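Close look at the chain arrangement
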Amino acid sequence: MTVFKKSDYHQPSFSSNDAELSFLRGVMRRSLDMVAILDKNGYYKYISPAAIDILGYQPDQIIGKSFREFVDKGIIEIDGQIFNKLLETKEQVTVDFWMTKADGKKMLLQNLAINLLDDPNVEGILFNGRDITDLFYTKKSLDRKFELESLLANCSTKFVNSVYTNLDEAFLYSLKNFSSYFKAKKSYIYRVSSDKKDVKLLYKHGEDLDQIPTFLSYELLTDVLVDEYSDGIIYLEKGYSDSVCHKLMGDLSELFLESNHLIIPILVGNQLSGFFGFTDFADSFDWEVKDLLVLKQLGDIFSGAFVNLSIKKRLDRNENLLINTEILAKSGSWRFSENQKKVVITPGFKDLFQISSNDLNLSVFTALRLIPELDRSKFLQKIKKVSTSGSIETGEFVIQSIDGDCKYIKFHIQSKIYQNLNLRELYGYFVDITDVHKSKEQILKSEEKFRTLVEDSTEIIFSLKPDLTIIYLSPNVEQFLGFESSKVIGTKLTQYMHSSDLEAFEEFLKIDEHFLLKNQYLEFKLRTKENDFKAFSSNAKVVYSSDGEFLYNGIARDVTKLREAQKELVFAKERAEMAAKAKSQFLSIMSHEIRTPMNAVIGLTHLLIEENPRSDQLENLKTLQFSAENLLSLINNILDFNKMESGKLEIEYVPIDLKNLINTFIMSYKYQAREKDLQILFEFDERISSNLLGDAVRVGQIINNLLSNAIKFTEKGFIRVSVKLKTQKSDGLILDFLIEDTGIGIPDDKIKDIFNAFTQASTETTRKFGGTGLGLAIVKKLIQLFDSEIHVDSQENKGTSISFPIFFPFGSSTTTSLSSPINQLEDNLKEARLLIAEDNIVNQMMVRKFMKKWGVDNFTIVNDGQEAIEMLDCNIFDILLLDLQMPRKDGLEVVKFVRSHSKLEIRNLPIIAMTASPWEEVMEKFENLKMDDYVPKPFNPESLYLKLIRHLQT
């Protein structure tokens, strides 16, 4: 036995014989156990060869040194108190400690230590040790595996218990517990999308995970996790810049370089289903990858859970769809199994019956109490029938809601038998049909309402087939035709048509087979039960049924009385037209008959005044002239009002001299104004152009009537006539007319009445001032013909102001003038040859007097149209002055003769018509026969004189 010792230590002596000592030394030399002896102070006094070989230290590095020196250097890891305990006991003690070998590797030594200080052969503490490092790590690995497998089992149990519910909780539970086990601050689970385009972050655990990407590339992950790391476990060390980190995390790879990562792919076959991982470990990661392969089982659990998660989502969707559908449909389902003795209900059922509890399992007793007591026995009978015969049963009952409203419930019950379990399950559903019930009630009410409306209607509703077969007819047909609708349905409409209508109808159908399609409104006569006929008007349309056949649907109204009334109206209209025509003819005749003597009175008065009578005669003549002209004005008013009422009065636009026109009327009233000591003021805006167009007759009529009224109703003061420019337009002027007086005025409540025909402010006014009450009515209508309105401002006993605007268009730039001097024209008139056709002797005398006064020597007067034609055939004349109403041949026949004559000089002869008829009656004939001018009777001598001169000039 070789003994290693220091020089100051002595070889121990043994009491045994040498042979035994030699044997022991040989055993120690060849023993694999490491033996060391320490003195009572802890210094090594012996170390065996095996210890030298195993530890790698030289004997002099150990012998004579205290174990505490090695503890201080970290070579030995042991509690110093253990050595003190060994000094106090004689028992064998097991002491394990770590020791660093000479090559730097650590070793776990298991020692059996015993105190042999009293043994003279040892005199120290004996340590007999062996290397159990591999055993320690093996046990540690097994323990870790066991812990992992236990944790895995717990997680698996969690997933199994979760089944399709609370899977999210199971995933998070797994991440939390495994993160705690590995002391990882962060963990995550990614899952491949169903379309395999990307990988989505599904769950995460820990803090500061906001920067972990939500989506990763499926293609890159497949390349990395399946192809490059086929062993299934990936561990990335901190600061490790392998391409996998960049491929996994892309731009965020720098974050993953800051800590270690443990990544486990989740595979189904060779297909990547997802992956999970742990990072940011609190301690150094001292696991071998081979020891972590058990985590692949966790991946398998996650893979299965993914499938369950998909199923759960589908189930959730279906369940939510069912719940929402039931709630929207106001229905709820239930099922009852004989072995469970519970009624399982749906949320829709709970909502339908307003059950407050969240429990979806009801006892049979509780469930049956939901059925109204009056209907419960009937419901149980149906349950029994379904249970025994397997039939399907339905029914209805009414429940009362929490709000006190009635709910109409319909139920459906059926059963299903599970033969292998010898088990019958009942199931069914309840539906809230309150809305349907209410709708039915409303429909019934509506049907009753419309039935009543149809029966009481004044119109018949019908539906016809293409061949005119009646397929529907409202019951009220009986009150019109006497037939019951049920007996008429199935017959053809043509059976009841009047023969004339049927013939026409059949003819229309022959010409156009789509006659009914094109004609919505028809009228025909139908036979009644008493064989009379009634007229009906129909309004119908063609509609097409689902099989493509058309029906002619519509309504028919009895228009028999209407047609009779229309006939009466037509007859009444004809009589009214005849009466109006007779009235018009009467007025025309009366106008002619009255105007003819008036012509003589006014004309002779005019002649007598011009023959220089005595002053007393002149006064009488002027009175006669005023009375005659007043009577003529009254006649004109009556005729004009009649024309206005019949709409025959029109405005004629010809050149007009407004200033002279108004002056003429003012001058005509000077005598009357002077008699009342009234002042007539005339204001005319000098900006008003003289080149205007207007109807001098109608404007004069308005001014004349208003001026006449002003003088009539004014006893003192003044009368003012004003014409001012209001607006200048591009095509004419709008002039404001004002006639103001200081007369009796008009009460406010009578202003509207004064414009009514034959109406004055009061009967006293009529008695005092006279008049027909037509003047202002005519004025208003004439102003309306000018598209204007009259305005009245009046104060009783203070006066009246009447105003109105009228538009006058501009005339042409040139004005017609007499091109020759007046004396030359008068010479022409003296030399002219005139043919005058007039049947009235008085008028002949008047015309003759005026012709002599004007110096006309060559004129011929004839008594009728026939004489005029005879004279024209044998003489030459320069002008024809022609009365339109004469015996034998009237003036119109003479005009036709002239205008159709073969001789040009006769055909172009100027014709001036003279008539007592209103201009509107002869205007159309005048224009058609191309007469040159018109002089109304009684004629104004000056007007006739000027017209004769004008036509002689042309």
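In what follows, the accompanying structure is described. Being a predicted model, the structure only gives us computed values, none of them experimental.

1. Considerations on helix 6 (residues 167–182)
Compared with the 22 Å implied by 1.5 Å per residue over 16 residues, the 23 Å span of helix 6 between its first and last C-alpha is a close match. Listing the buried residues of helix 6 in full gives Leu167, Ala170, Phe171, Ser174, Leu175, Phe178, Ser179 and Phe182. All buried residues of helix 6 fall inside an arc of 160° around its axis, so they share one side. Turned more than 90 degrees away from the buried face of helix 6 sit Lys176 and Ser180, all of them exposed. Just past helix 6, the residue lysine 183 takes up positive phi, approximately 55°.

2. Digging into the packing of helix 5 (residues 133–162) against helix 6
Axis separation between helix 5 and helix 6 bottoms out at 8 Å; the angle between their running directions is 170°. Relative to helix 6, the element helix 5 is oriented roughly antiparallel. Crossing angle aside, the handedness with which helix 5 passes helix 6 is right-handed. Touching Arg144, Glu147, Leu148, Leu151, Leu152, Asn154, Cys155, Lys158, Phe159 and Ser162 of helix 5 are Leu167, Glu169, Ala170, Phe171, Tyr173, Ser174, Asn177, Phe178, Tyr181 and Phe182, all from helix 6.

3. Comments concerning the pairing of strand 20 (residues 470–473)
In this structure, strand 19 (residues 459–464) lies alongside strand 20, joined through three bridges in antiparallel fashion. Each bridged residue has a counterpart across the sheet, and for serine 463 the counterpart in strand 20 is tyrosine 472. The antiparallel hairpin formed by strand 19 and strand 20 contains five residues in its connecting segment, where leucine 468 sits at a positive phi of about 70°.

4. Structural notes on the packing of aromatic side chains
Evaluation of the coordinates by the stated rule reveals 34 aromatic pairs. Ring centres of phenylalanine 136 and tyrosine 137 lie 5.4 Å apart, and the angle between their planes is 75°; this geometry places the pair in the edge-to-face category. With relative accessibility at 32%, the residue phenylalanine 136 sits in the partly exposed group. Residue tyrosine 137 is classed as partly exposed on the basis of its relative accessible area, which comes to 45%. Measuring from ring centre to ring centre gives 5.1 Å for phenylalanine 379 and phenylalanine 411, while their planes differ by 80°; the resulting arrangement is edge-to-face. With phenylalanine 379 in helix 13 (residues 373–389) and phenylalanine 411 in strand 17 (residues 406–418), this pair connects stretches of sequence that are 32 residues apart. In this structure phenylalanine 411 comes out as buried when scored by relative accessible area, which is 5%. Feature note: the residues Phe159, Phe171, Phe178, Tyr181, Phe182, Tyr203, Phe276, Phe278 and Phe302 constitute an aromatic cluster, connected by ring pairs. A cation over an aromatic ring shows up here: lysine 158 above the ring of tyrosine 173, its NZ or CZ 5.3 Å from the ring centre.

5. Regarding the sheet that holds strand 21 (residues 521–527)
Here we have five strands laid out as an open sheet, ordered 20-19-23-22-21, and antiparallel in their pairing. This sheet does not close on itself; its edge strands, each paired only once, are strand 20 and strand 21. Neighbour to neighbour, the strand axes of the sheet diverge by 30° on average, direction disregarded. Summarising the sheet, strand 19 and strand 23 (residues 550–558) pair through six bridges and their orientation is antiparallel. Counted as the bridge partner of isoleucine 461 is isoleucine 555 from strand 23.

6. What about the environment of leucine 880?
With respect to the helices and strands, the residue leucine 880 is situated in strand 33 (residues 879–883). Residue classification places leucine 880 among the buried residues on the basis of a relative accessible area of 0%. Along the primary structure leucine 880 and alanine 868 are separated by twelve residues, whereas in three dimensions their C-alpha atoms are 9.1 Å apart. Residues contacting leucine 880, with those up to four places away along its chain left out, are Leu835, Leu872, Val894, Val898, Leu909, Pro910, Ile911 and Ile912.

Each value, and the rule that gives it
- Residues numbered from 1 in each chain as written.
- Predicted model: local features only at pLDDT ≥ 70, side-chain atom pairs only at ≥ 80, totals over all residues.
- Heavy atoms only, no water.
- Helix = DSSP H or I, 4+ residues; strand = E, 2+ residues; numbered from the N terminus.
- Expected span 1.5 Å × (residues − 1).
- Buried < 20%, exposed > 50% of the residue type's maximum accessible area, 1.4 Å probe, protein only.
- Arc of directions from axis to C-beta.
- Axes fitted to C-alpha atoms, helices over the stretch in contact; angles between N-to-C directions.
- Parallel < 35°, antiparallel > 145°, perpendicular 65-115°, else oblique.
- Left-handed = near helix turned anticlockwise from the far one by under 90°.
- Contact = heavy atoms within 4.5 Å.
- Pairing = 2+ DSSP bridges.
- Phe/Tyr/Trp six-rings, centres within 6.5 Å; stacked < 30°, edge-to-face > 60°.
- Lys NZ or Arg CZ within 6 Å of the ring centre and 35° of its normal.

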